[in-house]
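A structural walkthrough
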Amino acid sequence: MSDAPVSRRARPAKAPLSREVIIETGLRILDQEGLAALTMRRVAQDLDTGAASLYVYVANRDDLMAAMLDHVLGTVPAPSGGSWRDRLSELVNAAVAAMARHEGVALVALGAIPTGTNALVLVDRMLALLAEAGVAEQANSWGVDLLFLYITAAAAEQSAYNTKGMRAETHIAEVSKRYAELPPDRYPMVVSMRESLVSGDGDARAQWALRVLIDGILATPAP
């Protein structure tokens, strides 16, 4: 004999909906099932409600993704200790790592001006550190814009490697093999410099790129 149906009153009470609960649920689905699975319907299903209920708190999937990005940026700790350059590098690297942990989150920031609460905290901290270095206001403003672009691009790249289950070193080895097979008469510079083009690990390249950006900001006044 089948069990008698359970009364709705006997079921555990659902957690009340809120923007924060929806964001956390979206991130959980994203991390467990991937970007393609993240839909308003899927989030609603996980919360045992209808999709229409979510629109009280988030406008649409894009709004949810933007909110998830800002939530992730809220996990970036404030840097401490060392010179302004050490703290700036620490802050940038922490932001890259935080965004890269979640598939597709970094792509939300590309082409968008950061206006979320936590994104603005990150921007404010970078502005303060460049000001501490003596960078003039206009160059500081444009420099932070460049640094934020670097953060999102680096995070998007690392996230793509994570999603594919591939290490950057593995990809570089494949590229190196491809370069070695190229005809030198058509690609003379690539063939002659192929060892240099793929040299260095991902961390070394990332730290060099960040030094280039910071040194360039320091040395290039805005018009």
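Scope of this entry: the structure provided in the associated data block. (Residues numbered from 1 in each chain as written. Predicted model: local features only at pLDDT ≥ 70, side-chain atom pairs only at ≥ 80, totals over all residues. Heavy atoms only, no water.)

1. A word on the overall build of the chain
To keep things clear, this is the line we draw: In this text, helices come from DSSP runs of H or I with a minimum length of four residues, and strands from runs of E with a minimum of two, each type numbered from the N-terminal end. A radius of gyration in this sense is built from C-alpha atoms; the matching globule rule multiplies 2.2 Å by the number of residues raised to 0.38. Burial classification: accessible surface area is computed with a 1.4 Å probe over protein chains only, and a residue below 20% of its type maximum counts as buried, one above 50% as exposed, and the rest as partly exposed.
Looking only at helices and strands, the chain has 12 helices and 0 strands in total. Counting helices and strands in the order they occur from the N terminus, the chain gives α-α-α-α-α-α-α-α-α-α-α-α. Taken over C-alpha atoms, the radius of gyration comes to 23 Å for the chain, far larger than the 17 Å a tight globule of 223 residues would show. C-alpha extents for the chain along the principal axes are approximately 75 × 50 × 30 Å. Going through the 223 residues of the chain one by one, you find that 32% of them count as buried.

2. So, unusual backbone geometry
Within the chain, Asp-48 stands out as a residue other than glycine whose phi angle is a positive 55°. Considering the arrangement of structural elements, one finds Asp-48 in the loop between α2 (40–46) and α3 (51–54).

3. Some details on the packing of helix α4 (residues 61–73) against helix α7 (residues 117–132)
Counted only if it meets this: Between the N-to-C directions of two axes lies an angle of 0 to 180 degrees, each axis being a line fitted to C-alpha atoms and, for a helix, fitted only over the stretch in contact. By definition in this entry, angles of less than 35 degrees are roughly parallel, angles greater than 145 are roughly antiparallel, angles of 65 to 115 are roughly perpendicular, and the rest are oblique. It is the rotation of the near helix from the far one that decides the hand of a crossing: anticlockwise by less than a right angle makes it left-handed, clockwise makes it right-handed. We call two residues in contact when some of their heavy atoms are within 4.5 Å. All amino acids are sorted into three groups, where Ala, Val, Leu, Ile, Met, Phe, Trp, Tyr, Cys and Pro are nonpolar, Asp, Glu, Lys and Arg are charged, and the leftover types, Gly among them, are polar.
Here α4 crosses α7 at 45°, and the two axes come no closer than 7 Å. Our classification of the angle between α4 and α7 gives oblique. Every pair of crossing elements has a handedness; the one defined by α4 and α7 is left-handed. Together, Asp-70, His-71 and Leu-73 of α4 and Thr-117, Asn-118, Ala-119 and Leu-122 of α7 make up the contact between the two elements. Of the residues assigned to the contact of α4 with α7, the class counts are 3 nonpolar, 3 polar and 1 charged.

These results come straight from atomic positions and should not be treated as a statement about function.
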